[in-house]
Amino acid sequence: MYRLLLVLLSLPCLLSLGCGNNEDDCLSSDMTLEEYRTANNIQATEGDRGLYYVIQEPGDSLRPRLTSDVVVNYRGYTTEDETFDETTGSPRTFRLSNLIVGWQEGIPLIGKGGRIQLFVPSALAYGPSQVGNICSNTDLIFDIELVGFNDQ
């Protein structure tokens, strides 16, 4: 009887596909990346898999690889201009291979000292998963400065 009660009480949570991830409280992109670029008169280059980017400063000629640890300053936001993450004062270090595909494709386009703006479709970001306060299927924009990198 106790197990049946537990299952019945858990059912609403299971049906909503995950307790604690409330789609009403997360950041989403109501405007598409194309609409955002058009509204802001941004001319971007299209990558192979749907990533769009603007290289604002190419940086040095050496480029990081997927196995590199990259040191970056960045701001991540939605097409509604809602910031979900950013560095504030100190750059952060990440293994490039551990990051979203949009970063894996975009960051190697610049060298140390370079700056790039990435327009990342949800398929190259978090896809159907809600991550932190980012809703599922949300297109993302990143302003990134590559402070440096170390090859591994």
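Use the structure listed above.
Model, not experiment: these values are computed from the prediction.

A few points about the overall build of the protein
When its secondary structure is counted, the protein shows three helices and seven strands. Listing the helices and strands of the protein from first to last along the sequence gives α-α-β-β-β-β-β-α-β-β. Expressed as a percentage of the 152 residues in the protein, the buried residues total 38%. Intrachain contacts of the protein at a sequence separation of at least 6 include 71% that bridge at least 24 residues. Of the roughly 8900 Å² of accessible surface on the protein, 49% is carried by carbon and sulfur atoms.

A few points about the nonpolar core
By size, the foremost hydrophobic cluster in this structure holds 25 residues, and its most contacted members are Val70, Val72, Trp103, Leu118, Phe142 and Ile144. Every element with two or more residues in this core is listed here: strand S3 (69–77), strand S6 (115–120) and strand S7 (140–150). Ranked by residue count, the leading element in this core is S7, at five residues. Those residues in contact with Trp103, other than ones at most four positions away along the chain, are Val72, Tyr74, Phe94, Leu96, Pro108, Leu118, Phe142 and Ile144. Counting seven residues, the second-largest nonpolar core is a separate cluster that includes Leu33, Tyr36, Ile42 and Tyr77.

Points about unusual backbone geometry
Its identity is not glycine, yet Asn41 carries a phi of approximately 50°, on the positive side. Structurally, the position occupied by Asn41 is in the loop between helix H2 (33–39) and strand S1 (45–46). In this model, Asn137 sits at a positive phi of 55°, which is unusual for a non-glycine residue. With respect to the helices, strands and loops of the structure, Asn137 is situated in the loop between S6 and S7.

Some words on the side chain of Asp69
Relative to the helices and strands, Asp69 resides in strand S3. Polar side-chain contacts of Asp69 include one of 2.6 Å to the side chain of Arg95. Other than its neighbours up to four places away in sequence, Asp69 contacts Thr93, Phe94, Arg95, Gly148, Phe149, Asn150 and Gln152.

Points about the pairing of S6
On any regular strand, side chains alternate: one points to one face of the sheet, the next to the other face. Counting buried positions along S6 gives five out of six residues, so the element sits mostly inside the fold. With six bridges connecting them, S6 and S7 associate as antiparallel partners. The residue bridging Gln117 from the neighbouring strand is Asp143, located in S7.

Thoughts on the pattern of salt bridges
One pass over the full model with this rule turns up five salt bridges. The partner of Arg49 in a salt bridge is Glu105, with the nearest N and O atoms 3.1 Å apart. Placement of the pair is Arg49 in the loop between S1 and strand S2 (52–57) and Glu105 in helix H3 (residues 101–106), with a sequence separation of 56 residues. Among the residues examined, Arg49 registers a relative accessible area of 52% and is labelled exposed. Ionic pairing is found between Arg65 and Asp151, a salt bridge with its closest N-O pair at 3.8 Å. With Arg65 in the loop between S2 and S3 and Asp151 in the segment after S7, this residue pair connects regions lying 86 residues apart in the sequence.

Definitions and cut-offs
Residues numbered from 1 in each chain as written. Predicted model: local features only at pLDDT ≥ 70, side-chain atom pairs only at ≥ 80, totals over all residues. Heavy atoms only, no water. Helix = DSSP H or I, 4+ residues; strand = E, 2+ residues; numbered from the N terminus. Buried < 20%, exposed > 50% of the residue type's maximum accessible area, 1.4 Å probe, protein only. Contact = heavy atoms within 4.5 Å. Areas by Shrake-Rupley, 256 points an atom, 1.4 Å probe, with all protein chains shown as cover. Core = buried A, V, L, I, M, F, W, Y, C linked by side-chain atoms within 4.5 Å. Polar contact = N/O pair within 3.5 Å; in protein donor to acceptor, adjacent residues only side chain to side chain. Pairing = 2+ DSSP bridges. Salt bridge = Lys/Arg side-chain N within 4 Å of Asp/Glu carboxyl O.

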